[in-house]
Amino acid sequence: EAGVAQSPRYKIIEKRQSVAFWCNPISGHATLYWYQQILGQGPKLLIQFQNNGVVDDSQLPKDRFSAERLKGVDSTLKIQPAKLEDSAVYLCASSLGRGTGIGELFFGEGSRLTVL
Amino acid sequence: AQSVTQLDSHVSVSEGTPVLLRCNYSSSYSPSLFWYVQHPNKGLQLLLKYTSAATLVKGINGFEAEFKKSETSFHLTKPSAHMSDAAEYFCVVSVLAGNMLTFGGGTRLMVKP
C-alpha cells in the first residue's frame, strides 16, 4: 500500500516569497491534516479536512496561509508571503477517520521549509 | 480544552536497560491517547493507542503504555532498549470522536551502546 506522498521534500526561499506544498493521501482516507512542526517542538495542527470540507482551521494564519483539498483527494498548502518564523517542517497526514481507524494517522515524510 | 505534557525533553538509557517516557494529559472528556514515534528524516508512526478498552496497551516493537485516570498519565515503557529505539516520541491526546489530535512537545530518546 502506498503511503502519504509529499513534495517537495526541501524548499529554501527568501522572506516575502511564496511557496506551495503538495500532499497525496492514502487512497480511501477521508480525513487529511496539515501540521507545522518547528524544530524542537511537537506538530501543531494547521488545518483538517474531512473529504473536501474544512473541519478545523482555527490555528491556520489565514492572512498568509491557505489550503485546499479539491475533489476530496490531494491537497495543497500555500504560504504567501513567507516570514522567517514559517521555517519548519510541514507534515501531511491522512486517516480513515472512522471506526478503529480513529486517531490513527499516517504521516508523510514532510516538507522542510527554510525561509532566509 | 485538551493538552498533553511530556515531562522529559530528553531521556538517555543504555542498551538493554528499561525505558520510561512520561506523559500527563488534561482533558474535559474521556480521552483517547496515543504514542507516536519519529525517526530522523522519517514520518511519524503510530506506536500504540488507548481508546477506553484495556488500560494496559501493547504496541509495536515491545513498547507498552498504561492509562491511569487517577494520575492523568499515559507513560510509555519498554523492558529493554535497543539501539534502533533512538528517536523522538510524542504523546498525543484526542477527544470528541478522536480525530482532533493534540501533540505533546516530544521526548528525544537516546540509547547508548
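Up top is the structure these notes are about.
Residues numbered from 1 in each chain as written. Chains lettered and ligands numbered in written order. Predicted model: local features only at pLDDT ≥ 70, side-chain atom pairs only at ≥ 80, totals over all residues. Heavy atoms only, no water.

Undergrad: Help me understand the environment of A:H29 in this model?
TA: All names here are of chain A. If you trace the backbone, H29 turns up in the loop between β3 (19-24) and β4 (31-37). Sequence separation between H29 and L96 is 67 residues, and the spatial gap between their C-alpha atoms is 4.5 Å. With near-sequence residues (within four places) excluded, H29 lies in contact with R69, S94, S95, L96 and F106. (Helix = DSSP H or I, 4+ residues; strand = E, 2+ residues; numbered from the N terminus. Contact = heavy atoms within 4.5 Å.)

Undergrad: Before we go on, may I ask you to explain the pattern of salt bridges in this structure?
TA: Two side chains of opposite charge can pair, provided their charged atoms sit close to one another. Tallied over the full model, the rule gives seven salt bridges over all chains. Across the pair A:E109 and A:R9 runs a salt bridge whose closest N-O atoms are separated by 2.8 Å. In this pair, A:E109 is assigned in the loop between β10 (106-107) and β11 (111-115) and A:R9 in the loop between β1 (5-7) and β2 (10-13), connecting sequence segments 100 residues apart. Judged by relative accessible area, A:E109 falls into the partly exposed class, the value being 37%. Its salt-bridge partner being B:K58, residue B:E64 comes within 2.8 Å of it at the nearest N-O pair. (Salt bridge = Lys/Arg side-chain N within 4 Å of Asp/Glu carboxyl O. Buried < 20%, exposed > 50% of the residue type's maximum accessible area, 1.4 Å probe, protein only.)

Undergrad: Quick question: what am I supposed to make of the nonpolar core here?
TA: The nonpolar side chains of soluble globular proteins are, as a tendency, buried together. B:W35, B:L48, B:F74, B:L76 and B:Y89 are the most contacted members of the largest nonpolar core, which totals 26 residues. Not counting residues up to four positions away in its chain, the partners in contact with B:L76 are B:V19, B:L20, B:L21, B:W35, B:L47, B:L48, B:F63, B:E64, B:A65 and B:Y89. Residues A:I47, A:F65, A:L77 and A:A88 belong to the second largest nonpolar core, which totals 21 residues. (Core = buried A, V, L, I, M, F, W, Y, C linked by side-chain atoms within 4.5 Å.)

Undergrad: Looking at this model, I keep getting lost on unusual backbone geometry. Mind explaining?
TA: Across residues other than glycine, the phi torsion is negative in most instances, and most of the peptide bonds are trans. A cis geometry characterises the amide bond from A:S7 onward to A:P8, with omega recorded as -10 degrees. Mapped onto the secondary structure, A:P8 falls in the loop between β1 and β2. A:P81 follows A:Q80 through a cis peptide bond whose omega is -5 degrees. Within the fold, A:P81 resides in the loop between β8 (75-79) and β9 (88-95). A positive phi angle, close to 60 degrees, is found at B:N61, a residue other than glycine. Within the element layout of this structure, B:N61 appears in the loop between β7 (56-58) and β8 (64-68). Here the phi dihedral of B:T72 falls at roughly 45 degrees; this positive angle occurs in a residue that is not glycine. By the element assignment, B:T72 lies in the loop between β8 and β9 (73-78).

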